[in-house]
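Coordinates in review
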Amino acid sequence: MTSILGIGECMIELSPAEGSLLRQGFAGDVFNTLWYAKATGGPDAEVAFFTAVGDDPISDRMLAFAATAGIRCDSVPRIPGRRPGLYVIHLTGAERTFSYWRDTSAARLMMRHANRLWPQVADADFVYFSGITLAILSHEDCELFLGNLRARMKPGARVAFDPNLRPHLWDDADRMRRVISRAAGLSDIVLPSFDDECRNFGDAAPEDTARRYGALGADQVVVKNGPLPTLLLNKGGMQDFPVPPVEGVVDTTAAGDSFNGAYLSALGRGAAVAQAIAVAQACSAQVVYRKGALVPFSDLRI
Ligand code: ADP
């Protein structure tokens, strides 16, 4: 069975519940992607997460939550005295905004334990990470990660990368664009979202995004664009895949993450690219139709 290793941060999520109550969950872009890789890949899907957590009870609960979903966290280091990052969702009508407390999260120090990461990288068929993974690392740790990743992978294994551009997490926008471009250049599969790329790289159309990442060396660029067609660039050229309409979109949180997870797990099962895009769109359609980042496995019909 194909294995997927995701590298990134999972946070404590507090979302509005009845009255002034907040409901506590866990989420984060790479973790969400692994959730959907597992949800759509079935019980045999091998999905693992590398991050760092603290030595507090909420870190224990986070790892237990991942384990319940079947996401392996065997080698996740514990950082004494650190805790997971946290965010609160504010709802004004259907509009969602977020407050974050993640500056001193344990996950930022994950590369201090790179000796635990590399054996997992060597085992994986797909290594997945995002621009957020890179943004939360120190410059040195980011260099350690990007400078060694390919050399640590087994032959034939693939890197999948979502630029997930979040300028507020970076110390400067030029460095963000440089590091993201470098990571994309190391990747086989790049999974950008057009609105982020338009805002931060000035792309006028999804075709510009696809060409820019394709020119850096990726074999496959899949540009997501909300309800507008998904654009694929690979050695066959460019092709648009219309998104089946969804009636009553409720919450687009994790739309892109769920797309990525379903896409990678479909490729892992041997699906052709067009088929994997259809599965990914079908998965995201169910995610935007429900509240919250993580739709319970039992509610997904793929
Ligand atoms: P991100 O969450 O990264 O910004 P997108 O908004 O582009 O990603 O959405 C990812 C995928 O989710 C799209 O390619 C599409 O399949 C699905 N999706 C998002 N918004 C909608 C929508 N309004 N209607 C139908 N599908 C949607």
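Residues numbered from 1 in each chain as written. Predicted model: local features only at pLDDT ≥ 70, side-chain atom pairs only at ≥ 80, totals over all residues. Heavy atoms only, no water.

**Details of the pattern of salt bridges**
This structure, assessed with the given rule, holds 16 salt bridges. Residues D188 and R150 are paired through a salt bridge, measuring 2.9 Å at the closest nitrogen-oxygen approach. Residue D188 is found in the loop between α6 (173–185) and β10 (189–190), and its partner R150 is found in helix α5 (residues 139–152); the two are separated by 38 residues along the sequence. What makes D188 buried here is its relative accessible area of 14%. Look at R150 and you get partly exposed, because its relative accessible area is 32%. Beyond isolated ion pairs, a larger network of salt bridges with shared partners links R166, D195, D196 and R199. (Salt bridge = Lys/Arg side-chain N within 4 Å of Asp/Glu carboxyl O. Helix = DSSP H or I, 4+ residues; strand = E, 2+ residues; numbered from the N terminus. Buried < 20%, exposed > 50% of the residue type's maximum accessible area, 1.4 Å probe, protein only.)

**A look at the state of the cysteines**
On inspection of all chains with the given rule, the structure shows zero disulfides. A disulfide-free cysteine, C283 has its sulfur positioned 17 Å from the sulfur of C10, the nearest such atom. The exposure class of C283 is buried, given its relative accessible area of 0%. (Disulfide = S-S within 2.5 Å.)

**Observations concerning the environment of R182**
You can see R182 is positioned in helix α6. Separated by 65 residues in the primary sequence, R182 and E247 have C-alpha atoms spaced 39 Å apart. Residues contacting R182, with those up to four places away along its chain left out, are E143, L146 and G147. (Contact = heavy atoms within 4.5 Å.)

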